[in-house]
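# Geometric and topological summary
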Amino acid sequence: MTLDDLYQRGLALRQKLFGAETVARRMGELGEFGEPLQHIINAYSYGDIWSRPQLDMKARSLAMVGITATLNKPNELKVHVNGALNNGATAEEVREVLLMVTLYAGLPTGIDAHKAALEVINARRPAPAAPAA
C-alpha cells in the first residue's frame, strides 16, 4: 500500500468516525502550516494504526478517551468522546473509562475529563420537545 493509499484510507475513516464537516474544519485549523501534521494524522494514525483489524472502532475510541483524558487534553478528549459514541460506546462506558483515568491519573485530571465528556454527551441529547399549544 502506498503512502497516498494510507492517506486516503485514513481520511475516509476519519470522516466516518467524526463526520466530514468536523474533519474538514480540523484539517483547516492550522492552514498550510498544518498540512504536514494532517498528512501524518490521516496516513499514519487513521490510515495505518486505526485501520488495523485487531481492535474494533469502539475499543480504539475508548482507548483514545482514556489516553486524551490522562494527558489532560480536553479538546481532543471531546473529539474522541464524540467518536466513541459514534462507534457504539455508551455514556456509561465512557464514564467507566474516565473513572479508571481518575484512579490512575488523579482527581483533578478525572474531574476535568468528566466535565469535558459531559459537555459532549449533553450536546448530543435531543432537545426537549416544545410544549403543545
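Everything here concerns the structure above.
Rules and cut-offs
Residues numbered from 1 in each chain as written. Predicted model: local features only at pLDDT ≥ 70, side-chain atom pairs only at ≥ 80, totals over all residues. Heavy atoms only, no water. Phe/Tyr/Trp six-rings, centres within 6.5 Å; stacked < 30°, edge-to-face > 60°. Helix = DSSP H or I, 4+ residues; strand = E, 2+ residues; numbered from the N terminus. Buried < 20%, exposed > 50% of the residue type's maximum accessible area, 1.4 Å probe, protein only. Contact = heavy atoms within 4.5 Å. Core = buried A, V, L, I, M, F, W, Y, C linked by side-chain atoms within 4.5 Å. Expected span 1.5 Å × (residues − 1). Polar contact = N/O pair within 3.5 Å; in protein donor to acceptor, adjacent residues only side chain to side chain.

### Focus: the packing of aromatic side chains
Counted by the stated rule, this structure contains two aromatic pairs. Aromatic pair F18 and Y46: ring centres 6.0 Å apart, planes at 85 degrees, arrangement edge-to-face. In this pair, F18 is assigned in helix α1 (residues 3-18) and Y46 in helix α3 (residues 35-49), connecting sequence segments 28 residues apart. Neither F18 nor Y46 differs from the other in exposure class; each is buried.

### A look at the side chain of H80
Locating H80 in the fold gives a position in helix α5 (residues 74-86). Among residues more than four places away in sequence, those in contact with H80 are F18, Y46, W50, S61, M64, V65 and T68.

### Describing the nonpolar core
With 17 residues, the main nonpolar core has V65, L77, V81, V94 and L98 as its most contacted residues. When contributions to this core are tallied by element, the ones reaching two or more residues are α4 (57-70), α5, α6 (91-105) and α7 (107-124). If you tally residues by element for this core, the top one is α7, at five residues. If we ignore the near neighbours within four places in the chain, the residues touching V65 are L77, H80, V81, A84, V94, V97 and L98. Counting residues in each nonpolar core, the second largest holds eleven residues, with L6, F18, A43 and Y46 among its members.

### A look at α4
Between its first and last C-alpha, α4 extends 20 Å over 14 residues, near the 20 Å set by a 1.5 Å rise per residue. Listed as buried for α4 are R60, S61, L62, V65, G66, T68 and A69. For α4, the secondary structure elements touched by its buried residues are α3, α5, α6 and α7. Regarding α4, its N-cap is D56, as a side-chain oxygen of that residue lies 3.3 Å from the backbone nitrogen of K58 further along. Directly after α4, the chain includes N72, whose backbone phi takes a positive value near 55 degrees.

Shape is all these values report; function is a separate question.
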